[in-house]
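Secondary and tertiary structure notes
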Amino acid sequence: MNIRFLLSSCACAALTVAVPALAQEGDPVGQVLGEQPDEEPDYDGSLLDEIVVTADRIRGQVDTAQAPIVELNEADIGAYGASSIADLVEALGTVTQSSRGRGGGQPVFLINGIRVGSFREFRSYPPESIRKVEVLPEEVAQKFGFAPDRRVINFILKDNYTAVTAEAEYAQPARGRFSRNEQEVTLLKIANGARINVNLEATDRSLLTEAERGVEQTPSSVSLVSGDPAQADFRSLVSDTFSFEGTANYARSFADSGASLGLNGTYERNESRSLSGLNSVLLTDPLGNRALRTFGADNPLEQRTSSDTGSASVSYNRPVGAFQLTTTADAGLTNSTTQIDLRPDISGLVEQAADGSLALDAPLPGLADPGFAVVTTNTKNASSKATLQGAALLLPAGEVNLTFDLGYNWNDIEGADSRTNIETDLTRGNLNGGVNVSIPVTSTRDNFLGAVGDISLNVAGGFDRLSDFGTLYDWTASVTWAPFEQLDLTATYVNRESPPSLSQLGSPEVVTFNVSTFDFVRGETVLATITSGGNPFLIAETQKDWNFSANWKVPFIENANLEASFIRNRSDDVSSAFPTLTSEIEAAFPDRVTRGADGTLLAVDRRPVTYSQTLLDRLALGLSLRGNFGEARVPEGRAEGGRRGAPGAAGGRRGRRGGGGPGGFPGTPGGGDDGRGRFFVSLNHTLDFKNEILIAPGVPVIDLIGGGGAVSRNNTRLEAGMFRGGLGLRLSGSYLGPTRIDGSDALGSSDLEFDGLAKVDLRFFADLGEVLKKQDGPLKGLRIALRADNLFDGVRRVTDEDGNVPLNYQPALIDPVGRYLGIDVRKMF
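Values in this document were obtained by computation on a predicted structure and should not be read as measured data.

When helices and strands are tallied, the protein shows 10 helices and 41 strands. Across the protein, the fraction of contacts at a sequence separation of at least 24, relative to all contacts at a separation of at least 6, is 72%. Accessible area of the protein: about 37500 Å², with a carbon and sulfur share of 56%.

Take a look at the structure:
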């Protein structure tokens, strides 16, 4: 692994060698306010205790009827202690992930209010390059040509920024046995309307076996003959993996035309190795005695996978009259090869034992190595989208905004498996388009029926023309009412037809033997034959969703925001992966289950199925707040009432939507030049009132939260942190409520109880240059971070009616990692 050594060496060298800064930031106050004064302003001492709040907007903010759910300035961003924009997005998961139950994928990402070709284009940027972050509700996604099932994140970047960042990370479970290390080097330069970024990253993780976590084996797979190797030593819980990624990005704006261009190129290499156990044989002697034997410790069954991925994206944006044209294209090619060790021919051993020439406990003779099977998958995808957005006409309440979008997506999956000699080639093209109209009805700003507040309507419609499935349609209508400035109320209805995925329809049939499977009907763990693949008889799903939401900026708590949503989703003809095999599911799909004469589970066909209907009623609640703590340091010269013009001074204008926050000083993490700290809290909770599946008319409904599917009714997530004087602390918490799966009336069947699970992750970080007051030298820009994931080593406990833990639900199988400790060293030059 020469690449591993090269990347590790580069990162370590960069961390120990001081490199001069390539550029310095300008006046942080002026930057956050969007001002570039020609000369330093004078401040009268009489204004020192006065703050003038105005409604200035930063260039790049999104202009929409819906207020942001969260807005973060530089100080807020610094309090998260993130190393990259990708890390920041993960830390913001409590407010960026949609709770509408549709799995709309990752949020819609914007840079300076403009849609980009791919998240790859900027995910490695240091958070220090960001001037402001806006998180906007799902309805805003329609403004950029997407369905209202994902939120929008807008990153407003600084006009000038340059840094080289090197980072090294090491982590392992508190119980040891395996480890992970990562090295990353990033270059970013923003200047003169252009951005260039290069990022190299390598990650390596070692193997963890079932024996190292004490996993109890299925009795039918364990040899009782002394000297035979144990299966647990050769079954992996965590695979041995290595990955490398190189990314180059370039973006530029053209002042004369108002256009901008963005380019991305990425290469990824991934390798993995997992263990599938040992070869085994069941021997029977002439007297009918039987013994299971395991062998082949010197050549265990392995699965080795390697893949290479090349991706590229381009985006182009420019004004077209009163409209803004944005076009994006993204393409990728992945070649994956998997080698699966084959089992040897054991028929000779069985015959020798049967005729008495091989004792049941005798050393087993060597067998010819059968080699390995090769499974190849080549995946090609390309997507493009063009949007034309702007104001169409002026009404008394404001401008009517239109968004037209047109795109084409293409996917192709080619696969071959030497075990079956089956080759597959699945292709789908999707021509899609739509229009979105936003109409202001009343306006307080324009004084048109302003007594009732601000009301706007939004209507959207679209189509998807699929090469393998025909034409599907969707339409959406929503109304937003702001009865007063701090409160937004929104009601949205979505009617959409959705096709099964390409793999759900056409993946090749694969039969896998001896898969450990829990039988809910008999309450036992068995080795069953599992069939997977596609189902060509799936049909289009029809979705009919209502969402009612409120977004309230609490006036009596500074920088506090409350959000509440009620989601009512109804779907007909739903394509789904085969669910957990409960007694109810077996009764609904009897042809998918094979049992022996004695009732033992022998085989399960897990190919996708179609539900007649699914129903979801959910309440989602969210609270976010942020602010300063501690006493402010008196700026130098304030006591004399003299002139204050130093960068970061506490005066001048601070825009309501674009400022540094009350009392905060933009430009430095943790509260700014006044010495105060910065804190944030984000808490989200979802409560499912109904989550049901109707397999077919006339069949009993399956209640997923009432014993039919191990789905938790309550889910909670928490993010909180603080930063001051170079020291930061971030806490992430999650809670998954208890649930159960009901057994059947069959003998031996049992209910399974899933306990609630609470997890806490803790991250402590220290900017040593700031802590030790070092403005130059090797400590400047050096940060040490310590992490403890799952601090209290929580794991979900699953028990039957007698309080016993089924083999398939052993804690080490549910979570083999447990408490996870790590250290991260980051140096910015």
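So, next bit.
Turning to empty space enclosed by the protein, a few remarks are in order. Within the structure shown, the criterion is met by 5 cavities of 30 Å³ or more. Considered as a void within the structure, the largest cavity measures approximately 140 Å³ in volume. For the largest cavity, the lining is made up of 16 residues, of which Pro137, Thr490, Ser549, Asn551 and Glu563 are closest to its centre. When residues of the lining of the largest cavity are assigned to their parent elements, the largest contribution, 3 residues, is made by strand E26 (residues 541–554). Residue classes in the lining of the largest cavity are distributed as 4 nonpolar, 6 polar and 6 charged. Computed from the structure, the second largest cavity encloses a volume of approximately 100 Å³. Secondary-structure elements contributing two or more residues to the lining of the second largest cavity are strand E23 (487–498), E26 and strand E27 (560–576). Here the residues of the lining of the second largest cavity sort into 4 nonpolar, 3 polar and 5 charged.

Here we come to the pairing of strand E39 (residues 782–789). Relative to E39, strand E38 (residues 757–767) runs antiparallel, the two being bridged by 6 bridges. Across the sheet, the residue bridging to Asp767 is Arg783, located in E39. Judged from the 8 bridges that link them, E39 and strand E41 (residues 820–828) form a sheet pairing that is antiparallel. Paired with Arg783 across the bridge in E41 is Arg826.

Moving on, we come to the nonpolar core. If you look at the biggest cluster of nonpolar residues, it comprises 34 residues, and the most contacted ones within it are Ile85, Leu88, Phe122, Ile130, Val133 and Phe155. Mapped onto this core, the elements with two or more residues apiece are strand E2 (70–73), helix H4 (85–91), strand E3 (108–111), strand E5 (130–136), strand E6 (152–157), strand E7 (161–173) and strand E8 (180–191). One finds Val526, Val574, Val609 and Ile693 within the second-largest nonpolar core, a separate group that totals 17 residues.

A few words on the sheet that holds E3. In any sheet, the strands associate via hydrogen bonds between backbone groups, in a parallel or an antiparallel arrangement. Taking strand neighbours across the sheet as the criterion, the 5 strands line up as E2-E5-E6-E3-E4 in an open arrangement whose pairing is mixed. Looking at which strands have only one partner, the edges of the open sheet turn out to be E2 and strand E4 (114–115). The pairing of E2 with E5 spans 4 bridges and is classified as antiparallel. Paired with Val70 across the strands is Val135, a residue of E5.

Burial along E3 is two-sided: the residues Val108 and Leu110 and Phe109 and Ile111 are all buried. Both E3 and E6 contribute to a ladder of 4 bridges, which runs parallel. Within E6, the residue paired with Phe109 across the bridge is Ile153. Taking the residues between adjacent antiparallel strands as the criterion, E3 and E4 are bridged by 2 residues, where Asn112 takes a positive phi near 55°.

What follows covers the side chain of Glu210. Counting through the fold element by element, Glu210 comes out in the loop between strand E10 (208–209) and strand E11 (236–238). In this structure, Glu210 is buried with no salt-bridge partner, the nearest side chain bearing the opposite charge being Arg235 at 4.5 Å. Apart from the residues within four sequence positions on either side, Glu210 is in contact with Val215, Gln217, Ala232, Arg235, Leu237 and Leu813.

Glancing now at a nonpolar patch on the surface. On the surface, Tyr170, Met722, Leu727, Leu729, Phe764, Val771, Leu772, Leu786 and Ile823 cluster together into a nonpolar patch covering about 730 Å² of accessible area. The partly exposed category is assigned to Leu729, whose relative accessible area is 35%.

Scoring rules and cut-offs
Residue positions are given per chain, counting from 1 as you read along its sequence in written order. Two thresholds apply to this predicted model, a pLDDT of at least 70 for residue-level local features and 80 or more for giving and counting side-chain atom pairs, whereas whole-chain, interface and lining totals are computed over all residues. No hydrogens and no water enter the side-chain calculation; it runs on all heavy atoms of the structure. Only DSSP runs of H or I reaching four residues or more are called helices, and only runs of E reaching two or more are called strands; each is numbered from the N terminus. Whether two residues are in contact is decided by their heavy atoms: any pair within 4.5 Å suffices. For accessible areas, the Shrake-Rupley method is used with a probe of radius 1.4 Å. Any residue's cover is judged against the shown protein chains and nothing else. Only protein atoms enter the 1 Å grid used here. Points where a 1.4 Å probe fits but cannot escape make up a cavity, open sets with protein on both sides within 12 Å along at least five of seven lines make up a pocket, and a residue lines them when an atom lies within 4 Å of a point. Grid points are joined across faces, edges and corners, and a volume is the space filled by probe spheres set on the points. Gly counts as polar in this scheme, as do all residues outside two lists: the nonpolar Ala, Val, Leu, Ile, Met, Phe, Trp, Tyr, Cys and Pro, and the charged Asp, Glu, Lys and Arg. For two strands to be treated as a pair, DSSP must find no fewer than two bridges joining them. Only buried residues count toward a nonpolar core, which is a set of Ala, Val, Leu, Ile, Met, Phe, Trp, Tyr and Cys residues joined through side-chain atoms within 4.5 Å. Here the term buried applies to any residue with accessible area under 20% of the maximum for its type, exposed to any over 50%, and partly exposed to those in between, with areas from a 1.4 Å probe on protein chains only. When charges are tallied, Lys and Arg are placed among the positive residues and Asp and Glu among the negative ones, while His and the ends of the chain are skipped. Each reported salt bridge corresponds to a side-chain nitrogen of Lys or Arg within 4 Å of a carboxyl oxygen of Asp or Glu. Patch construction takes residues with relative accessible area above 30% that form no salt bridge. Like charges are linked within 9 Å, and nonpolar side chains (Val, Leu, Ile, Met, Phe, Trp, Tyr) are linked within 5 Å.

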